[in-house]
Every structure is written in C-alpha cells, then in structure tokens.
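Fold and geometry: a report
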Amino acid sequence: MSGTTTAGSRLRAATGANRWVVLFVLCVSLLLVALDATVLHVAVPAVTADLRPSGVELLWIVDAYPLVCASLLILFGTLGDRIGRRRVLLIGYGLFGAASALAAFAGSPMVLIGARALLGVGGAMIMPATLSILRAVFPDRRERAVAIGVWTAVAAVGAAVGPVLGGFLVEHFWWGSVFLINIPLLAVLLPLGRVLLPESKGCGDGPWDVLGALMAAAGVLGVVFGVKRLGAGEGPLSLATLGPLCVGAALLILFVRRQRRREHPLIDMRMFARPTFSTSVGCIVLAMLALVGLELIAVQYLQLVLGLSPLETGLRLLPLTFAAMAAGITGSATLRRLGPRRMVSWGFVLTAVAVLLLVLMGQHDRPGLLAAGFVLLGFGLQTTLFGAYESMLSEAPADQAGGAAAIGETSYQLGAGMGIALLGSVMNAAYAPAVSSVKGVPAAAGSAAADSLGEAYQVAARLGGPAGESLRTAARHSFVHGLHITLLVSAGLLLLGALAALRLPRTMECPPRAAEEPTEAPPEVRRQQQRQPQAPQLRKPPEQRRARPSGTPEPRASSDSRADPRADPRTDSRAEQRTDPRADPRAATEAPLPAGRGRG
C-alpha cells in the first residue's frame, strides 16, 4: 500500500504548480527524439565517405531508426500503462544515451546500423510515455489543450531544426557529432526526470499480453518496411514489397482479433468504434501522408533546382517551423473558439491552399512566394495535427493513455511512410518519361537519369557537351513538372482530410471547472480505497437537525447511510439513548424504531 500511496501523492503533487515544469521536461525529451529523426539526413554524404557502406547498408543506416521506432510504439506504450510510464521513460533515456554514444564513435556500417536500431528502441519508449504522462498530469481539458499545443510545437521544431543543426555540425565538426549532442542533454534529463516526473499507470488488470505485443510489433514492422520499399522504387508486386506488406497485414489482423477476444486486452479496440477517436487517427495519417513526401521533394527542389546548400535549405524551411510553433501555442484558444470539427477541417483547407500556392514555383528562385507558402503550410498543418491529437487523447480513457498515445504515434509514422511511397511514385511517374527520351542522349544514359534528378546531373556531367546540357535542362524541367503534379495530388489528399474531419465534434466539450478540482488518484490507489470497509454513517440526533418548513418531506437517506444499528454494540447503545422518550420527548415520534419492532 505504501507504493501506491507514494505514486498517488507524486501524481497529486505533479498536478499542482510544477506541472508546467513536468511539461518542460517532457518537451525536451520529445525534442531529442524529433531531432534524431532528421538530423542524420544531411550527414549521409559524410558517413558514406568515412565508413564506405554499400547501397543496402546505407539504406539501413537511414531506415533502421524509424522502422524500429514505429514497430515498438504499441509495445512500449501499453507496457507503460502496466509497469509505469515514468519507469519506461527513464529506461528510454538511458538506452537513448548509450545508443547515441555508440553511433557517434561507430567504426563500421554494421555498428552504426545497430546503434540506430537501439536509438529506435529508446525513441519508442520515450515518445508515447511523454504524451501519456502529459494526459495524466493535466486532467483538465483546457490546460491539457495548452500543453498539447506546446508539445506539438516542440515536435515541429525538432523535425525542422534537425537538418539545420546537422548541417552546422557536419560543416564544423564530424558526422558523429550529430549523435553526440544527445548525451549532455540526457545526462541532465535522467536525474531531473527521476525527481520531477510523476509515476502513473493504467488499470493493470490481468496479465500483460506478451504475444499480442510481439504480434503488433512484427505487424507494424512488416507494413512500414513494405511501404518504405515501395517508396524506394521497388515494384508493388515484387517480393521485397509484397512479402512484408502481406505478412505485416496478416499479423495486425490477428492482433486485432486477439485483442477483441481477450478479457484484458493491450488496446481496447472499442476505442475505434468512437467516431472522434477513429476520425482523429485517420486525420493524422492523412496529414502526414500529404506532408512528409512533399517535404522531401521540396528539399530536393531547393537543393538541386535552386542550387542551395544544405544549411541554406534548412534556413529556407524556418518560416514553416515558426508558423508551426505559432499554431501550436495558439491552438488551445483556437480549439475553444472553433471546436474540433472546424479547427481540423479549416487546417486541412489552409494547408491545401498553401500547397496550391507552391504550384507557382518554377525554374527560378522566388523567396517571397516560398516563404508565404511555407508559413501557410506550417500553420495549417500544425493546426490540423493539434486538433486531431487533442481530440484523440481526450476521447481515450485515462487508463488507456499509453496505448492511445502509441496509436497516435504509430499512425504518424505510418502516414509518413505511406506519403513517401505514394507521392514519390507520383513524382517518378511524372518525371521519368521525359528524361528517358531526350534527343542525342543514349538510351542507357537516359534510363539511368530517369531514376532521380541527382542521378540525371551525374549522368549529364559524364556525358558533357551539348548532350549533357540537354539532359540536364530536360531533367530540371521534368522535375518541376513532376513537382507540380505531386502538389496537386497532395492538395487533393488534404481536401479529402477536410471532409473526413466533419465527423469530429462541433464543440470542445469541457466539464465545468469546480472551485477546487479533485485530483484523480491512480487506478491502484482507487482499488485499495474501494477495498477498505466504510464506517457506518449514523443519523443525526433530533436536536442537531435543521428545522424544515411544514409539508416538506424529509430527504431520503442514501444506501450508504442505511447502516444496521445491530452491526455495532456502541451504535446500538447510542441509538437507544437517542430514542429514549425520557431524554427527548420528540424522539418518540422522530427517531427510527429499533430493528425488529413494528409500528403499531
């Protein structure tokens, strides 16, 4: 009982004045994970020159982290509901720091791949824990909306600042420094988290479904891996794509059926029957589907068409980051004013307008147009994600917060992978035909140039002369044409998301704020309190009762107050004293008769 009492007191203390300090710790934790997802992109050339990995090894160096992280989110999210979210988060801190040190000083591609996989494990422990602890620390929906706005803004900052920070570190130090920066922050976060973060758990009824957790991890891994292979250019019917997709989908179907049959499931599948929850998850998938693939294509446009350096490219994307921060900070007020339905729908529409504005991009640099488009894109997309995350988390039960957070993060990762695959396929379909048939260019060279714009530049440099210049010009024009087609497809997906968001509630439903809101104790504390016997509630003596107007019936006692006076001799003696007519003449008519006697 002492352990549960300590957990309850820690949670009650965290929901007081220092809950904003807890939010700061959670946001710094999320910032590390978000940075690590993108900081390596600009360091790939330096890693290739130093470690000389093969093409397959380089692919795994980049993909090991998101693949492992996405596959383990449900496992560690539900595990935190059982053993404690703070405990899982602190273990994730330690693992993330050790993996960062291993990656920074990796001497071979295989060591770096293993370190990136360990980083994915640590990230999968940190990400759902931050959101589920936030759900427990902020029980009031109004304050929780503010906290989620800050949380989503930090996630956007980390994803956008990663390439800028990575470019700076690679230019001034060496590629391992992009991992080494994690260690000082984690050295501060680990002791700080032990002191400040509260422990919270879910219901914890029944055994933890280990087999179900492994099925979910393997299923998500197969689906995400197959989607990434599809985005890398593999054919949809190839074994490398179709095999993982089919195996992953089959495992996820078996996982869902298993959870529906179990008395104590890892994830309560009935949450998906709630329109708000399922629609919010779908909106997250659609938002990431339209954004991530588009973001990668936009980075290629800035670097390969406009000729910007990686650092300059990161600086050009800063307006998107600042707009996303503004949307996150103001999201709570926007949600209260507009409600989830209009907020998410109009966020999708604003993002679609930004995407259509970027269709005006051409062969030459237009900084004002890019800045305006990126501001609208960042504000609209962050507004959408904020409304979807807040609605999803508020709709889920408090004891399922870890599982709900894991579902949200998994849908985020799955949408990102699907976006790369879908929009990348659209881009290749629009780009390749014109490049493969340039006059004066050999068929083999044209086929190689059709793979990507970077490959076309290399082929053009090898050819030289008029043929090389023609290939280079055709590739640039074809890439811009493909970018316009991809932007139109992305806008269509965003408008589809706006229609889907119409299933969300019209208003933000908040319970009335009491003068002093009681803090909800952890489930294990509530169970202990329910087991304790309740003391019988005795009826007040007549002289202590309030006078009632004539004709007003006496309020009926609740079931808890109907205690049998025979249960306790002391109670029985006191009852006899109160019902003695000699002590109070009114007792003969007002006091209840002793048990076993009738009125007559």
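Not measured: the values here are computed from a predicted model.

1. Structural notes on the overall build of the chain
The helix and strand tally for the chain stands at 23 helices and zero strands. Put simply, the chain has 600 residues, and 49% of those count as buried. Counted over contacts in the chain with a minimum sequence separation of 6, partners at least 24 positions apart contribute 81%. Of the accessible surface of the chain, which amounts to about 27,500 Å², a share of 63% is contributed by carbon and sulfur atoms.

2. So, helix H2 (residues 19-38)
The end-to-end C-alpha distance of H2, which contains 20 residues, comes to 29 Å, matching closely the 28 Å that a straight helix rising 1.5 Å per residue would cover. Counting buried positions along H2 gives 15 out of 20 residues, so the element sits mostly inside the fold.

3. Observations concerning the packing of aromatic side chains
The final tally for this structure, using the stated rule, is four aromatic pairs. Relative to Phe 277, the ring of Phe 272 lies with its centre 5.3 Å away and its plane at 85 degrees, an arrangement referred to as edge-to-face. Note on Tyr 431 and Phe 479: the rings are 6.5 Å apart at their centroids and 80 degrees apart in plane angle, and the pair reads as edge-to-face. Residue Tyr 431 is found in helix H17 (residues 401-435), and its partner Phe 479 is found in helix H20 (residues 465-500); the two are separated by 48 residues along the sequence. With relative accessibility at 4%, the residue Phe 479 sits in the buried group. Positioned over the ring face of Tyr 457 is Arg 472, at 4.0 Å from the centre of the ring.

4. Here's the deal with the nonpolar core
Tyr 93, Leu 112, Phe 179 and Tyr 301 are the most contacted members of the largest nonpolar core, which has 141 residues in total. Broken down by element, this core gets its largest block of residues, 14 residues, from helix H6 (residues 109-137).

5. Let's talk about unusual backbone geometry
Of note, Arg 52 is a non-glycine position whose phi angle comes to about 50 degrees, a positive value. Inspection of the secondary structure assignment puts Arg 52 in the loop between helix H3 (44-51) and helix H4 (55-83).

6. Quick look at the environment of Asp 81
Locating Asp 81 in the fold gives a position in helix H4. Residues Asp 81 and Ser 200, 119 residues apart in the sequence, show an inter-C-alpha distance of 7.7 Å.

7. Thoughts on the packing of helix H5 (residues 85-104) against H6
Geometry of a packed helix pair, given as the angle between the helix axes and the separation of the axes. For the pair H5 and H6, the least separation of the axes is 8 Å and the interaxial angle reads 155 degrees. One element, H5, and the other, H6, form an angle in the roughly antiparallel class. As H5 packs across H6, the resulting crossing turns out to be left-handed. Here the contact of H5 with H6 is built from residues that sort into 20 nonpolar, six polar and two charged.

8. Topic: the environment of Ile 91
Examined against the element boundaries, Ile 91 turns out to sit in helix H5. When its relative accessible area of 46% is taken as the criterion, Ile 91 is described as partly exposed.

9. Topic: the packing of helix H14 (residues 318-329) against helix H16 (residues 367-395)
Across the interface, H14 lies against H16 with an axial gap of 7 Å and an inter-helix angle of 35 degrees. Crossing handedness for the pair H14 and H16: right-handed. Note on element contacts: H16 touches H14 through Ala 371, Phe 374, Val 375, Leu 377, Gly 378, Phe 379, Gln 382 and Thr 383, opposite Pro 319, Leu 320, Ala 323, Ala 324, Ala 326, Ala 327 and Gly 328. Looking at side-chain class alone, the contact of H14 with H16 contains eleven nonpolar, four polar and no charged residues.

10. Details of the pattern of salt bridges
Overall, the coordinates contain one salt bridge when judged by the stated rule. Note that Asp 365 and Arg 316 form a salt bridge whose closest N and O atoms lie 2.6 Å from each other. You can see Asp 365 sitting in the loop between helix H15 (331-357) and H16 and its partner Arg 316 sitting in helix H13 (residues 310-316), a full 49 residues away along the chain.

11. A look at a nonpolar patch on the surface
Where nonpolar side chains cluster on the molecular surface, the patch consists of Phe 105, Phe 168, Phe 173 and Trp 174 and spans about 460 Å² of accessible area. Tracing the backbone through its elements, the reader meets Trp 174 in the loop between helix H7 (141-172) and helix H8 (177-180).

12. Observations concerning the environment of Leu 496
By the secondary structure assignment, Leu 496 is in helix H20. Sequence-wise, Leu 496 and Phe 348 are 148 residues apart; in three dimensions their C-alpha atoms are separated by 8.6 Å.

13. A closer look at the side chain of Ser 29
Mapping Ser 29 onto the fold places it in helix H2. Of note is the side chain of Ser 29, whose polar atom sits 2.8 Å from the backbone oxygen of Val 25. A distance of 2.3 Å separates polar atoms of two side chains, one belonging to Ser 29 and the other to Tyr 93. Among all residues touching Ser 29, those that are not within four sequence positions of it are Tyr 93, Ile 126, Thr 130 and Leu 189.

Here is what the cut-offs are and how they apply
Residues numbered from 1 in each chain as written. Predicted model: local features only at pLDDT ≥ 70, side-chain atom pairs only at ≥ 80, totals over all residues. Heavy atoms only, no water. Helix = DSSP H or I, 4+ residues; strand = E, 2+ residues; numbered from the N terminus. Buried < 20%, exposed > 50% of the residue type's maximum accessible area, 1.4 Å probe, protein only. Contact = heavy atoms within 4.5 Å. Areas by Shrake-Rupley, 256 points an atom, 1.4 Å probe, with all protein chains shown as cover. Expected span 1.5 Å × (residues − 1). Phe/Tyr/Trp six-rings, centres within 6.5 Å; stacked < 30°, edge-to-face > 60°. Lys NZ or Arg CZ within 6 Å of the ring centre and 35° of its normal. Core = buried A, V, L, I, M, F, W, Y, C linked by side-chain atoms within 4.5 Å. Axes fitted to C-alpha atoms, helices over the stretch in contact; angles between N-to-C directions. Parallel < 35°, antiparallel > 145°, perpendicular 65-115°, else oblique. Left-handed = near helix turned anticlockwise from the far one by under 90°. Nonpolar A, V, L, I, M, F, W, Y, C, P; charged D, E, K, R; others polar. Salt bridge = Lys/Arg side-chain N within 4 Å of Asp/Glu carboxyl O. Patch = residues over 30% accessible without salt bridge, like charges linked within 9 Å, V, L, I, M, F, W, Y side chains within 5 Å. Polar contact = N/O pair within 3.5 Å; in protein donor to acceptor, adjacent residues only side chain to side chain.

Scope: geometric values only; no functional claims are made or implied.
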